[in-house]
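Structural description and commentary
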Amino acid sequence: MYKIIDAEFIAPNVRKIIIEAPKIAKKRKAGQFVIVRVNDHGERIPLTISDSNLEEGTITLIVQGIGWTTQELNSLVAGDFILDVVGPLGKASHIEKFGTAVSIGGGVGTAIAYPTAVALKQAGNYTISIIGGRSKEYVILENEMNKVCDEVFVTTDDGSYGYPGFVTTKLQELIDAKRKIDFVLAIGPIPMMKAIAEVTRKYKIKTVVSLNPIMVDGTGMCGGCRATVDDKTVFVCVDGPEFDAHKVDFATLERRNRTYREDEKDALQRHSCKSEEAILKAVNEG
Amino acid sequence: MPKLSNKERMKIQRQAMPEQESAVRRNNFSEVNLGFTEELARMEAERCIQCPKPTCIEGCPVGVKIKDFIALVAEGEYLKAADKIKEDNMLPAICGRVCPQEEQCEAKCVVGKKGESVAIGRLERFVADFERQTVGIREATLKPKSGKKVAIVGSGPAGLGCAGDLIQMGHDVTVFEALHDLGGVLIYGIPEFRLPKDIVKAEVESLKKLGVDFQTNAVIGLTDTVDELMSDGYDAVFIAVGAGLPYFLNIKGENYNGVYSANEFLTRVNLMKAYKFPDYDTPVFHVKGKNVAVFGGGNTAMDAVRTAKRLGAKNAYIIYRRSDAEMPARKEEVHHAKDEGIEFLFLANPLEFLGDSDGWLTSVRLQKMELGEPDTSGRRKPIPIQGSEYILDIDMAVIAIGNGSNPIIQKTTPDLQYTKWGNIVVDENTMRTPKKGVFAGGDIVTGGATVILAMGAGRKAAAAINEFLNSSN
Ligand SMILES: Cc1cc2nc3c(=O)[nH]c(=O)nc-3n(C[C@H](O)[C@H](O)[C@H](O)COP(=O)(O)OP(=O)(O)OC[C@H]3O[C@@H](n4cnc5c(N)ncnc54)[C@H](O)[C@@H]3O)c2cc1C
Ligand SMILES: Cc1cc2nc3c(=O)[nH]c(=O)nc-3n(C[C@H](O)[C@H](O)[C@H](O)COP(=O)(O)OP(=O)(O)OC[C@H]3O[C@@H](n4cnc5c(N)ncnc54)[C@H](O)[C@@H]3O)c2cc1C
Ligand code: SF4
Ligand code: FES
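Rules used in this analysis
- Per chain, the residues get numbers from 1 upward, laid out in the order the sequence is written.
- For this description, chains carry letters from A and ligands carry numbers from 1, given in the order in which they are written.
- Note on the predicted model: pLDDT of at least 70 is required for a residue's local features to be given, and 80 or more for side-chain atom pairs to be given and counted; whole-chain, interface and lining totals, by contrast, use all residues.
- With hydrogens and water excluded, all non-hydrogen atoms of the structure serve as input to the side-chain values.
- Aromatic rings from Phe, Tyr and Trp, taking only the six-membered ring of Trp, are treated as a pair when their centres fall within 6.5 Å; an angle between ring planes under 30 degrees marks them as stacked, one over 60 as edge-to-face, and anything in between as tilted.
- Secondary structure counts use DSSP, requiring at least four H or I residues in a row for a helix and at least two E residues in a row for a strand, with both numbered from the N terminus.
- Burial classes: relative accessible area under 20% of the type maximum marks a residue as buried, over 50% as exposed, and values in between as partly exposed (1.4 Å probe, protein chains only).
- We count a charge as sitting over a ring when the NZ of a lysine or the CZ of an arginine lies within 6 Å of the ring centre and within 35 degrees of the ring normal.
- By convention in this text, a residue qualifies as near a molecule or strand provided that one of its non-hydrogen atoms is within 4 Å of it.
- The Shrake-Rupley method, run with a 1.4 Å probe sphere, supplies the accessible areas, and residue values consider only the shown protein chains as cover.
- Three classes are used, and their members are as follows: Ala, Val, Leu, Ile, Met, Phe, Trp, Tyr, Cys and Pro are nonpolar, Asp, Glu, Lys and Arg are charged, and the others, Gly among them, are polar.
- The criterion used for residue contact is that any of the two residues' heavy atoms lie within 4.5 Å.
- Two parts lose some accessible area (1.4 Å probe) when they are put together, and adding that loss for both gives the buried area.
- The salt bridge definition used is simple: a Lys or Arg side-chain nitrogen within 4 Å of an Asp or Glu carboxyl oxygen.
- Polar contact is defined as a pair of N or O atoms within 3.5 Å, subject to the rule that within protein one atom must be able to donate a hydrogen and the other to accept it, and that residues adjacent in sequence are counted only when both atoms are side-chain atoms.
- Strand pairing is assigned whenever DSSP identifies at least 2 bridges connecting the two strands.
- Working convention: axes come from line fits to C-alpha atoms, limited for helices to the stretch in contact. Angles between N-to-C directions cover 0 to 180 degrees.
- Relevant arc is that of directions from the helix axis to the C-beta atoms, nothing else.
- Working rule for angles: under 35 degrees goes down as roughly parallel, over 145 as roughly antiparallel, 65 to 115 as roughly perpendicular, anything else as oblique.
- Left-handed is the label given to a crossing in which the near helix is rotated counterclockwise from the far helix by less than a right angle, and right-handed is the label when the rotation is clockwise.

The subject of this paragraph is the packing of aromatic side chains. Taken as a whole and assessed by the stated rule, the structure comprises 14 aromatic pairs over all chains. Both rings, one in phenylalanine 295 of chain B and one in phenylalanine 353 of chain B, keep their centres 5.7 Å apart while their planes meet at 80°; by these two values the pair is edge-to-face. On the criterion of sequence distance, the pair formed by phenylalanine 295 of chain B in strand E7 (residues 291-295) and phenylalanine 353 of chain B in strand E10 (residues 348-355) is long-range, its members being 58 residues apart. Both residues of the pair, phenylalanine 295 of chain B and phenylalanine 353 of chain B, count as buried. Three or more aromatic residues joined by ring pairs make a cluster, and in this case those are Phe29, Phe193 and Tyr275 of chain B. Stacked on the ring of phenylalanine 9 of chain A, the Lys or Arg arginine 15 of chain A has its end atom at 4.6 Å from the ring centre. A cation sits over an aromatic face here: lysine 170 of chain A above tyrosine 163 of chain A, 3.5 Å from the ring centre.

Take a look at the structure:
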């Protein structure tokens, strides 16, 4: 059992959850994730370790409630317990001094990019981050990014905050302004990562994306998380989750992630009354 | 019963295993075999002629004293029979259900030379079930505490076998398990209808009672490395992580939606209980009314195809590139599968999966094969027949062609010795690796094998670890 120390919404449907997990806090490196099972009937879902606190022995998860399990998780409050948390899983981000490194996060992807941005900075890179959201309230971790990055650009799809437009537009602007860019990390929805990959491909900028296939065990035992990279099959949970953006077959990933779409809708509908109550409770209790 | 002559004994028919009707059981996940009654067990035990040189024992990988335990069954001394088995086999309720007896003890049984062999496995199961259901698994006596600590990595039969012996020898034992539940393949792979999970749980519980500490959600290599365990105060480490890396066919279209490894399909259904979706949250492909093909001919393939049938598959096929005779699965499982309406397509090899524009599997292109000369494994090698290709419509495919070794330990413990397939190299008699205090056994050493061999390896390692600990004061 893993205790929730603190939990708060930081954007609509996006909750920051701090969990007591001292071993994982000690071991985790940027880019790694945990697999969480909320309760006895629950499924196992992967979530990136966004941050950790060694003294407190805690890890931070930032969770977007898009389906049943993530919403159930987001309904938990400080003092509640999560049944299983296993990790740190996956390979750590490959960090080196590239020169200028741009970390791009779309939506909750910013939370996944954040620890790697920190590590890039610590390795001596000039770090720029571009964080995007649908509108102002969906922009997350701007303050945190500001603390670790040399420059931060915010974009919103509807122009309600920061630069109007997509993160790709901002990246293209930087390139057009002849800014020297040696490395790009892009994490967010698949269409966004695909679009970034297309931009940087033209300029041969080394680009890494973090893939989010459906997982079960997270240890390489089931092969459910397989993706196609460089025409070869990889197991994202052990070979990744980060891969060369220019070699990833995004279309296959997108299709495979739709495997259980009908079940997911069903689950959500069936649970919706229950979860609305729980979410209300969470909102009320902060 | 009056004493029978050998001739009379040989006349008794082998007792059939009571089982659920095939028409009923293919719609449920309850155990197929119902087990011997006392009467059937006594009758079966009377078939044993108590050979002066019992060859059955030679066939048993751990040397269970078969003749002696069967004599005790015949006398109605079932608990004593259980004790006798447990001198050599710690998990009789499990092995009685899943051992390939027809290739082991029963293949060597003298009675079997003329007629049908004594049903040793069924008797083993009866004895173990009798104990569990009447008095519960009885606690072993423990030696005084040695003050030594052993870490066991993996809670499959190798890990459990090792833990059971070491705790009795007086050592502190912690088992680290990557998953959230204990038992390895016994819990995530072999389905409920063949091995009820309560039986595995009872074995784990009995070890807990003896004082074995189980830590789930601990992936050794990531959560802690082997070296960290050693520096955390463990005096020895036993690595029993199994063969958990599914092989794929490496043919085109294998990443279409609807193509699973057997590990994923069985894990979703068994460990995550997808057969109870939506009561449990984990979904699995909607098999109902669909056509499912399972590739392979081993126990895993049989488990997958029978699971698909139970989930409502219209047609459930086994597609195997050799013939009936070469299938490595337990004979009983093949027999059960046939009764349940599984269709076997022998001498067929998949060349490519085909799918629709949304990425869903629609069919497989197969090629017919014929058998040539025996290969290195002694089985006749399948050779493709030119121009024999055809297409079979399927909605779901399960690949069950075996497992390689999981790379996590190898990547994080480079100072062990590995084969080119990633198996850990050990001394055959002591399960010792070249790294001081580190031992390994089970499928990670042998490649995918059997429950009894894994358990046997665990116990061999326990003896060697005990010796190592006692000599390194
Ligand atoms: C390595 C890794 C790290 C991740 N880190 C984070 C994180 O830090 N924060 C976070 O909010 N999410 C993260 N995700 C995604 C998260 O795991 C999924 O959102 C979650 O599994 C969805 O579960 P659900 O039951 O709530 O939704 P479901 O009802 O299962 O799915 C709802 C929708 O999400 C899609 N989906 C299902 N599974 C996944 C998946 N694994 N990834 C992406 N989309 C999925 C479905 O196709 C569907 O459209 C990560 C995924 C991976 C693989
Ligand atoms: C579907 C299926 C059906 C089978 N049917 C039969 C049968 O009928 N009869 C028979 O005799 N054999 C059968 N087998 C084979 C048998 O189950 C195995 O040979 C046996 O389980 C091997 O035992 P083990 O202890 O070596 O490994 P496993 O049972 O594989 O257990 C290894 C455990 O280690 C854990 N682990 C892995 N890596 C780590 C890590 N880094 N840190 C911590 N824990 C880790 C795993 O999660 C797992 O729980 C079957 C196998 C399968 C897959
Ligand atoms: S070989 Fe057969 S008949 Fe002889 S002792 Fe063993 S089980 Fe009994
Ligand atoms: S999640 Fe099972 S192998 Fe990656």
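All names here are of chain A. Taken together, 23 residues surround ligand 1, and among them Pro46, Ile62, Gln64, Thr70 and Asn257 come closest. Contact with the protein chains hides 87% of the accessible area of ligand 1, taken as 850 Å² for the molecule alone. Sorting the residues of the shell around ligand 1 by element identifies strand E4 (44-48), strand E6 (58-64) and helix H2 (68-74) as the ones contributing at least two each. Counting residues per element, the shell around ligand 1 draws most heavily on E4, at 4 residues. When its residues are assigned to classes, the shell around ligand 1 shows 14 nonpolar, 7 polar and 2 charged.

What follows deals with the interface of chain B and chain A. As a measure of interface size, the accessible area lost when the parts come together is often cited. Taken together, the 45 residues of chain B in the interface contact 44 residues of chain A. Of the roughly 3700 Å² buried between chain B and chain A, counting both surfaces, carbon and sulfur atoms make up 51%. Between the two partners, chain B and chain A, sit 2 salt bridges. For aspartate 224 of chain B, the salt bridge is made with lysine 23 of chain A, and the minimal N-O distance between the two is 2.8 Å. Counting the contacts that link chain B with chain A gives 22 residue pairs in polar contact (both at pLDDT 80 or more). Elements supplying a minimum of two residues to the side of chain B that touches chain A: strand E5 (245-246), strand E6 (259-261), helix H15 (262-271) and helix H18 (407-412) of chain B.

A few words now on the pattern of salt bridges. All names here are of chain B. A full pass over the atoms with the stated rule returns 48 salt bridges over all chains. One salt bridge connects arginine 306 with glutamate 340, and the closest N-O pair in it is separated by 3.0 Å. Here the residue arginine 306 occupies a position in helix H16 (residues 299-310), and glutamate 340 occupies one in the loop between helix H17 (331-339) and strand E9 (343-345), the gap between them amounting to 34 residues. With respect to class, arginine 306 is no different from glutamate 340; both count as buried. If you follow the salt bridges from partner to partner, you end up with Glu19, Arg25, Arg194, Asp303, Arg306, Arg310, Arg330, Glu332, Glu333 and Glu340 in one network.

Okay, H15 of chain B next. Residues and elements named next belong to chain B. Across the 10 residues of H15, 10 count as buried, placing the element largely inside the fold. Among all positions of H15, only Ala262, Asn263, Glu264, Phe265, Leu266, Thr267, Arg268, Val269, Asn270 and Leu271 are buried. Positive phi shows up at lysine 273, right after H15, with a value of about 60°.

Looking now at the sheet that holds E6 of chain B. All names here are of chain B. Strand order in this open sheet of 5 strands is E6-E14-E7-E8-E9, and the pairing throughout is parallel. Looking at which strands have only one partner, the edges of the open sheet turn out to be E6 and E9. Averaged over all pairs of adjacent strands, the angle between strand axes in this sheet comes to 20°, irrespective of strand direction. As defined by bridge partners, strand E8 (residues 315-319) adjoins E9 across 3 bridges and the pair is classed as parallel. Note that in E9 the partner of tyrosine 317 across the bridge is glutamate 343. Strand contacts of H15: E6 and strand E14 (396-399), with the helix running at about 85° to E6, the strand carrying the most contacts. Where H16 meets the sheet, it contacts E7, E8, E9 and E14, and its direction lies at approximately 170° from that of E8.

All names here are of chain A. Most of strand E8 (residues 84-89) sits out of view: 6 of its 6 residues are buried. Sheet analysis places strand E3 (residues 33-37) next to E8, joined by 4 bridges and oriented antiparallel. The partner of valine 36 across the bridge, within E8, is valine 85.

All names here are of chain B. Within the fold, aspartate 129 resides in helix H10 (residues 120-134). It is 8.5 Å that separates the C-alpha atoms of aspartate 129 and glycine 35, two residues lying 94 residues apart in sequence. The contact partners of aspartate 129, leaving out residues within four places of it in the chain, are Ala93 and Arg97. Separated by 2.8 Å, the side chains of aspartate 129 and arginine 97 make a polar contact.

All names here are of chain B. Along helix H3 (residues 38-45), the residues classified as buried are Ala41, Glu44 and Ala45. An end-on view of H3 places all buried positions within 100° of arc, on one side of the element. In the core, the buried residues of H3 are packed alongside helix H5 (66-74) and H10.

With that settled, consider the sheet that holds E3 of chain A. Residue and element names in this part refer to chain A. Taken in spatial order, the 3 strands make up an open sheet running E4-E3-E8, and their pairing is antiparallel. The open sheet has two edge strands with one neighbour each: E4 and E8. Neighbour to neighbour, the strand axes of the sheet diverge by 25° on average, direction disregarded.

Moving on: the packing of H3 of chain B against H10 of chain B. Residue and element names in this part refer to chain B. At their nearest, the axes of H3 and H10 sit 10 Å apart, and the two run at 140° to each other. Comparing the axis directions of H3 and H10 gives the class oblique. When you trace H3 past H10, the crossing you get is left-handed. Contact residues: H3 offers Glu38, Ala41, Glu44 and Ala45, while H10 offers Leu123, Phe126 and Phe130. For the contact of H3 with H10, the class distribution of residues is 5 nonpolar, no polar and 2 charged.

Keep in mind that these numbers describe shape and distance, not what the molecule does.
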